[in-house]
Structures are given as C-alpha cells and as structure tokens.
Amino acid sequence: MEKIVVNGGNKLIGNVQISGAKNAAVAIIPGVILSDGICRIENIPNIMDVNLMATILHQMGAKVNRINKSTLEIDPTYIRNPVAKYDLVRHMRASSYLMGALLGKFSRAEVALPGGCDFGVRPLDQHLKGFGVLGAEHSVAGGIITVKADKLTGGHIYLDVVSVGATVNIILASVKAEGRTIIENAAKEPHIVDLANFLNSMGADIKGAGTDVIKINGVKHLTGTSYSIIPDQIEAGTYMVAAAATGGDVVIQNVITKHLESITAKLREMGVQVDEYEDSVRIRRDGVLHRCNVKTMPHPGFPTDMQPQIAALLTLADGTSIVNEAVWDNRFRYVEELKRMGADISVDGKIAVIQGVKELLGAPVKATDLRAGAAMIIAALAAKGTTYVEDIQHIERGYEEIVEKLTLLGADIKRVYANDSVIQPA
Ligand code: EPZ
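Computed from a prediction, not measured in an experiment: that's the story for all the values here.

### A word on the overall build of the protein
And then number 1: For the protein, the helix and strand inventory stands at 14 helices and 24 strands.
And then number 2: By the compact-globule yardstick of 22 Å for 426 residues, the protein fits well, its C-alpha radius of gyration being 21 Å.
And then number 3: For the protein, the residues scored as buried account for 56% of the 426 residues in total.
And then number 4: Expressed as a percentage of contacts within the protein between residues at least 6 apart in sequence, the contacts between residues at least 24 apart total 72%.
And then number 5: Carbon and sulfur atoms make up 50% of the accessible area of the protein, which amounts to about 16,200 Å² in all.
And then number 6: Each charge sign in the protein was given a centre, from 44 positive and 47 negative side chains, and these centres are 2 Å apart.

Structure (structure tokens):
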C-alpha cells in the first residue's frame, strides 16, 4: 500500500496554485447528461473522484475526451441506458447526483446506493422527498435505487435539513421538468452556485442559487456549453491552515476570497496574518497561535470540510479550544490518529475539547477519510520527526498533486510504497 511520509518542521514558503473545486466538478459532470450537445469543462481537478465520475458516464455510453490535465469534453448524446453500475458508484457519495441527472433526462434512474467518506449516517431522504414532489416514485432492491416518473412536474419543496446533495439533486431533476420548482431552505455553498451557472450556460432557467430559495423554470432543451469550474474553497483552506501550522509565508493563488471568508476570519482570530488580494491570499504566522472555538455550519458558516484541518491547527494553540461539528454525526474519527502524535483532545459526541500542546511528534497514522487525511498531513508538517500516513487513497480522491504542491512549498514529503521505494512524480 502507498503511504505519505513527512519529516516535519519545515516552514512552508512560496506560492501554490489552487485547482478546480472537487464538489463543483462532481455535480457538474453528471449535469452534462442533461445536455443535447457536447460540453467542454475547464479547470477541472485531476483527482480520483472526478475521473471516477467521468468513467461512470463513459460506461453509460457518453464519449469522454480528456483534452488536457484540467479539461474534459463530454458528449452525452449516446447515453441510452440510465443505469449507473454498482462497482464504480459505491465508492463515491456524489454518485447520488446521477439519480437527479438521469431522472431529469430520462424520467428514470437506476443507481447503486452511494459510498463515500464514512462519518455517520448519510441519508438520502431529502433527495427522495424532492423527487417525490416532482412526481417520481422510488424503490430499493439489491443495493440499487430506482427512481422513475411518467412525467416530471415542477413543485414546491421545503428541505427539512440544509443539504448540499439534496439541493444539487433536485436542481438536476427539475431543470427540464414542466413548470416551476421552488427549493426552500436550500444549501448555499459555492458549488451550488457553480452548478446553477453551468446549467444556465446550457439554457436552463435557475434563479436564486446561493440563497436559501432557488427557483427553477423547466426548459425543453439544454445545449452543449463550455464552462470553467470555480477554484476549490476547501483545497485553498487546507493550504491556508498548513501555512499557519508551519509558521510559514505562503501565497495561495487562483482563489475566490469571498468563498474563504469564514476560514480567513477564524485564522485571524487565532493570530494568523491573512492578506487578501484580487485572486489570492497570503498567509503568515510567526507568533503564538491563539485558542478559539469553532462551530461548523452550512455556508456561509465555517465549513465542516475544514473541521479536521482546523482541529489539527488548534492542537498547537495556546489554550483550550472547543470544536462543535454541527453538520455530521461522527466526524471525529481522526482524533485518535492525532492523539498518536501527542495531541490532547477529548471527544464527546459532536464536541471536541482540544488542549493546546507545545509540539506534536511524528508517528504512524491513518487517513480515516478525505479531510481527515489532510489534517494528518497538516499535523505531520508541523510535528517534530517523521510521520507515516497510511490509507492515502482517501486523500488522493480530493487533493490534486498534494505531495508535489507541498514539496514546491518546501515540505519534506514523499509518496512511498509499503516496501519504501520512492514513487517519482508523473
Ligand atoms: C456534501 O455532502 C459534500 N460532498 C461533503 O463534502 C460536505 O461535507 C457536505 O456536503 C456538507 O457541506 C460533496 O459535495 C460531494 P449534505 P452531502 O447532504 O451532500 C443530512 C468532502 O469532504 N442529510 O449537505 O452528502 C446529513 O446527514 C465531502 O468534500 C439528511 O438528513 O452532505 C448531514 O447531517 C465530505 N438527509 C447534513 O444533512 C438527506 O437526504 C448535511 O448533508 C441529506 C442530508
């Protein structure tokens, strides 16, 4: 098995380029299914989840052409079979978006129940509630969920929970439905806005994305388009925290500073210097890290996908910090791994109490999920000694060239096989 090996203690210095947003890409690629023509998608991150989603579309009959590392051209007009196969779908939560896209295009979808990061229950009840309002019925058999409708008709959906996935799926299912759909209590994440902008560039009529009320007037046809994905808010936040953890000086380029506001505010609260420019932020920290409290919330609150990373930073702060994970049931599995490095954290349900320590010590740890893996790397960069991060497939799902990007910033970090031969970057 591959591992990532980090010799900690180097300050991160220099510039890093942020890639396209994973959670926008995995919603936009299924959205291509709704098109009657070829879609060219640019600034797409070259990560496993994106390649998996593109492979699923190819398996269904779409023509997928990789123009270069960050550009795909997809022709969905040959998709005839609205079935997403179990062997690929079960690896990724975003596969659930295939339900909305296939339902929106074919009025029928057969999709394996999705997999993805394991941090508690990941229900689909709000997705199915939305499909039901549009006139679709669903059934589950053999791990496959089938959703179908004689005709999709717009309706008024009030989400019981602010759900990114349900908001995405209802948008995908309703863009070609007859009449108007209104989604209340909708998610407001940047990737929701990006999906709506992508679909509108194909001729959809979606208003209010980014607010908690989204209005969709169904249209008959969606044309092909050329679209560039927004920068990844969470990748950018991860490098911001890594720079702060090592006491470095890093310019993070190709960002939308507005998407980073809650992360910037929290880092400033901790005594980190954050300077904002047109499409970049500069992170410097040469003083003490102050303790603070964090509560994860739907956008524009502090992102749950930044919770493990900020917790890793707080293990080195000058007092007691409280982290409240208010979005997911159980997103503290990584804490046991951080404690192997000397972190002083106690978890009770959705609350973690972090006592800052003077230093972390390198140790063998596991990436328990995608963002937990990023937190292990952040802790390892700041720690004294060597850290071995296992199960790095989780990290590779969502961070493009993380070892290469950190190496360019001065980190002593390598990808190695279990038998310790060093893997050279492509
Ligand atoms: C998306 O997951 C993201 N994944 C997650 O990021 C992110 O943590 C999450 O949104 C919250 O921002 C992608 O975009 C691919 P939700 P999703 O539906 O859509 C409850 C990463 O690290 N809920 O917004 O699955 C649910 O249990 C990944 O990039 C219901 O109760 O999240 C949770 O408590 C990890 N019923 C809350 O809503 C439903 O039908 C938020 O879930 C759906 C969700």
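Let's pick the thread back up.
### A closer look at the packing of aromatic side chains
And then number 1: The final tally for this structure, using the stated rule, is two aromatic pairs.
And then number 2: Seen from their ring centres, Phe 332 and Tyr 334 are 6.3 Å apart, and the 45 degrees between their planes marks the pair as tilted.
And then number 3: When the ring centre of Tyr 78 is taken as origin, the NZ or CZ atom of Lys 63, which lies over that ring, is 4.4 Å away.

### Quick word on the sheet that holds strand β18 (residues 294–295)
And then number 1: Ordered in space as β18-β19-β21-β20, the four strands form an open sheet in which the pairing is mixed. Here the strands that pair on one side only, and so sit at the sheet edges, are β18 and β20 (344–348).
And then number 2: Bridge count between strand β19 (residues 320–324) and strand β21 (residues 351–355): five bridges; the pairing is antiparallel. Bridging from a neighbouring strand, Asn 324 pairs with Ile 351 of β21.
And then number 3: Across the sheet, helix α10 (residues 307–314) lies against β18, β19 and β21, angled at about 170 degrees from β19, the strand it touches most.

### Quick word on the sheet that holds strand β15 (residues 249–253)
And then number 1: Overall, mixed pairing links the four strands, which are arranged β2-β15-β17-β16 in an open sheet. Single-partner strands in this sheet number two, and they are β2 (13–17) and β16 (273–276). For this sheet the average axis-to-axis angle between neighbouring strands, irrespective of direction, equals 15 degrees.
And then number 2: Relative to strand β17 (residues 280–284), β15 is paired through five bridges, and the arrangement is antiparallel. From the neighbouring strand, Asp 249 faces β17, where its bridge partner is Arg 284.

### A short note on the pattern of salt bridges
And then number 1: The final tally for this structure, using the stated rule, is 24 salt bridges.
And then number 2: Where Lys 105 meets Asp 36, a salt bridge forms, and the shortest distance between an N and an O atom there is 3.9 Å. Of this pair, Lys 105 sits in helix α4 (residues 97–106) while Asp 36 sits in the loop between α1 (22–31) and β3 (39–42), and the two are 69 residues apart along the sequence.
And then number 3: Judged by relative accessible area, which is 37%, Asp 36 ranks as partly exposed.
And then number 4: Two residues, Asp 160 and Lys 129, come together in a salt bridge whose shortest N-O distance is 2.9 Å. Taken together, the residues Asp 160 in the loop between β10 (156–158) and α6 (164–174) and Lys 129 in helix α5 (residues 125–133) connect sequence positions 31 residues apart.
And then number 5: Take Asp 160: its relative accessible area is 54%, and that puts it in the exposed class.
And then number 6: By relative accessible area, Lys 129 is classed as partly exposed at 30%.
And then number 7: One connected set of salt bridges, linked through shared partners, spans Lys 22, Asp 49 and Arg 397.

### Structural notes on the nonpolar core
And then number 1: Within the largest apolar cluster, 76 residues are counted, with the highest numbers of intra-cluster contacts made by Leu 98, Ile 171 and Leu 199.
And then number 2: Sorting elements by how many residues they give to this core places helix α2 (residues 48–60) first, with seven residues.
And then number 3: Not counting residues within four places of it along the chain, the set of residues in contact with Ile 171 comprises Ile 183, Ile 192, Leu 195, Leu 199, Ile 206, Ile 214 and Ile 216.
And then number 4: If you look at the next biggest cluster of nonpolar residues, it comprises 73 residues, including Ala 244, Val 255, Met 341 and Leu 360.

### Quick word on the packing of α1 against α2
And then number 1: Between α1 and α2, whose axes approach to 9 Å, the crossing angle comes to 5 degrees. Taken as axis vectors, α1 and α2 run roughly parallel relative to one another. Packed against α1, whose contacting residues are Lys 22, Ala 25, Val 26, Ile 29 and Pro 30, the element α2 presents Asp 49, Val 50, Met 53, Ala 54 and Leu 57 at the interface.
And then number 2: When grouped by side-chain class, the residues that make up the contact of α1 with α2 number eight nonpolar, no polar and two charged.

About the cut-offs
Residues numbered from 1 in each chain as written. Predicted model: local features only at pLDDT ≥ 70, side-chain atom pairs only at ≥ 80, totals over all residues. Heavy atoms only, no water. Helix = DSSP H or I, 4+ residues; strand = E, 2+ residues; numbered from the N terminus. Rg over C-alpha atoms; globule rule 2.2 N^0.38 Å. Buried < 20%, exposed > 50% of the residue type's maximum accessible area, 1.4 Å probe, protein only. Contact = heavy atoms within 4.5 Å. Areas by Shrake-Rupley, 256 points an atom, 1.4 Å probe, with all protein chains shown as cover. Lys, Arg positive; Asp, Glu negative; His and termini not counted. Charge placed at Lys NZ, Arg CZ, Asp CG, Glu CD. Phe/Tyr/Trp six-rings, centres within 6.5 Å; stacked < 30°, edge-to-face > 60°. Lys NZ or Arg CZ within 6 Å of the ring centre and 35° of its normal. Pairing = 2+ DSSP bridges. Axes fitted to C-alpha atoms, helices over the stretch in contact; angles between N-to-C directions. Salt bridge = Lys/Arg side-chain N within 4 Å of Asp/Glu carboxyl O. Core = buried A, V, L, I, M, F, W, Y, C linked by side-chain atoms within 4.5 Å. Parallel < 35°, antiparallel > 145°, perpendicular 65-115°, else oblique. Nonpolar A, V, L, I, M, F, W, Y, C, P; charged D, E, K, R; others polar.

Note that every value here comes from positions in space, so none of it alone points to a role or purpose.
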